[in-house]
Amino acid sequence: MGRLRSSGWRPTPLREFVLKVHQRCNLACDYCYVYELADQSWRDRPRVITPALWRAAARRIGEHAAQHGLDRVHVVLHGGEPLLAGTRRLVSLIGDLRAAMPSGCRLTVGMQTNGVLLDDAMLDALAGEDVRIGVSVDGVEEDHDRHRRFRDGGGSYRAVERALRLLGARKGVFAGLLCTVNPAADAVKTYESLLAYAPPEIDFLLPHTNWANPPAPGRAHGAWLVEVFDRWYAAPRQETRIRLFEDVMSLVLGGHGRSEQAGLSPVAVAVIETDGSIEQVDSLKSAYPGAAATGLNVLTDPFDAALRHPGIVARQIGVEALAETCRQCPIHRVCGGGHYAHRFRPGDGFRNPTVYCEDMRLLIGHIGRRLAADLVPLATQW
C-alpha cells in the first residue's frame, strides 16, 4: 500500500453499494454462489436486515459520499431474494437511504430479484420510490427450469414470466435481465427468448467457477457468446444493450468498460450484509469460505477502511494485480484477466488468468475482427 501511494496511486471511492436486505431465498438455483458453493456464511447471519442496521449503512454511505465529494451513488437492494423483505420494510429503508445522502449527491436505487414475488402492488410501491428492477432469467422455460427451481423441485419460469409481463408494462422501472451462460442451451434461441420481454439491457454472466472446479475443457462458453454476439451485432437496429459485448467493443477501440468480466477499470463496489458486515463483491464466495470478508462492519467502521483492504486494493490497481502470464498477453487490457472470482486457484490465490481464458480469447478476438472488418472500409474514406 505504501509503495502504491508513493507512486501516486490513490484508491477510487466507492460509488456502488450492494445492500443485502434479506439473507434467504425462495428458490434453490443449483449454481447459486451464495448458497451452493464454497462460502456458507449466510447460515449465521440474520434473515432480514433491521432498521438499526440499514440506518447505520445509510449513514456510512452518506459519510463516504460527503468525504469524497461524490455527486452520485448507487445502491442495489439484493439478497437472497430482496422481495422477501416486504413492501413496508423496503419503502422505509429507501426513505432512510435518501435522507442520509449529503446535499448535491444523487442516490439511485436498483434491485436484483428472481421476480417470483413481483406483483402490481409491489411494482407500484417500488416505482413510487424510483427503483429500477433487474430480473434473473435463463432463457426458454426448459433451460430456465433446469437450474432455477423452487425448493420442492418445481420450475420457476412461469412465475418469472408473469412478473416480466407486469414489469414490461412499466416504463422506467425495468432495468434489464441477467442470464447465466449455458452452453447446453441454444444460444440464439436463448437470446431471442429474452428479447421477447423488451429488456433495455441484458447481462450475460459466465458461471462462477475457478481453477479448483473448472468448467469442461474447450471453448464452449466463448463459442456460445460468439453466437449471441453475431445475432445481436448483425441486427438491423439495436434491439437491446448487452454490457459484456459493449464493454469489449469499447475496450478494443481504446475506451473503458463497466463490467467486472472485462477491462481494468477500478472496482468501486462494496457489499453490506444483513449483520452489517462490509464485504467485497459477493461472487468471491464461490472461491472459498471468507473470500469476500473484510472484517469490517458499518456499526464500527467507515467505508474508507474498506478502501485499504488488500482485496479491494487488488481490484483497483489494474494491470499491477494481473498474473505475469496475463501481462504478457496482447489482449490483457481488454480481457483484464477476466472476472476476478474466476481467477482463484487453491494455493496461490487470485493472481492467475481466468479459468475462462480460452473463452475470453475467442470472444475478444472475434469481436475485434468484426469491428476491424467494418472499420477498414470507413478508414479508406477519410
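Residues numbered from 1 in each chain as written. Predicted model: local features only at pLDDT ≥ 70, side-chain atom pairs only at ≥ 80, totals over all residues. Heavy atoms only, no water.

Let us look at the UniProt feature "domain: Radical SAM core" (unreviewed entry) in the protein. Per the UniProt entry, the sites bearing "domain: Radical SAM core" (unreviewed entry) are residues 11-246 in this numbering. Taken end to end, residues 11-246 has its terminal C-alpha atoms 26 Å apart, with 36% of it in helix and 17% in strand. (UniProt positions renumbered as here; feature names shortened; annotations may be inferred. Helix = DSSP H or I, 4+ residues; strand = E, 2+ residues; numbered from the N terminus.)

Here the focus is the sheet that holds strand β3 (residues 106-113). Strand order across the open sheet formed by 10 strands is β7-β6-β5-β4-β3-β2-β1-β8-β9-β10, with mixed pairing between neighbours. The open sheet has two edge strands with one neighbour each: β7 (241-242) and β10 (293-297). Sheet analysis places strand β8 (residues 269-272) next to strand β9 (residues 277-279), joined by 2 bridges and oriented antiparallel. Bridging across to β9, Ile272 finds its partner in Ile278. Helix α3 (residues 87-99) contacts β1 (16-20), β2 (72-78), β3 and β4 (131-136) of the sheet and is inclined by roughly 150° relative to β3. Against the sheet, helix α7 (residues 187-195) makes contact with β5 (174-180), β6 (201-205) and β7, and its axis sits at roughly 145° relative to β6, the strand it touches most. (Pairing = 2+ DSSP bridges. Contact = heavy atoms within 4.5 Å. Axes fitted to C-alpha atoms, helices over the stretch in contact; angles between N-to-C directions.)

Here the focus is the side chain of His309. Inspection of the secondary structure puts His309 in the loop between α10 (303-306) and α11 (310-314). Classification of His309 as buried rests on a relative accessible area of 18%. Discounting chain neighbours no more than four positions away, the residues touching His309 are Gln280, Ala293 and Thr294. (Buried < 20%, exposed > 50% of the residue type's maximum accessible area, 1.4 Å probe, protein only.)

As a further point, take the nonpolar core. Across soluble globular proteins, you tend to see nonpolar side chains buried next to one another. Leu19, Leu77, Phe204 and Phe245 are the most contacted members of the largest nonpolar core, which has 97 residues in total. The element that contributes the greatest number of residues to this core is helix α2 (residues 51-68), accounting for 7 residues. Val267, Val281, Ala341 and Phe350 belong to the second-largest nonpolar core, a separate cluster that totals 15 residues. (Core = buried A, V, L, I, M, F, W, Y, C linked by side-chain atoms within 4.5 Å.)

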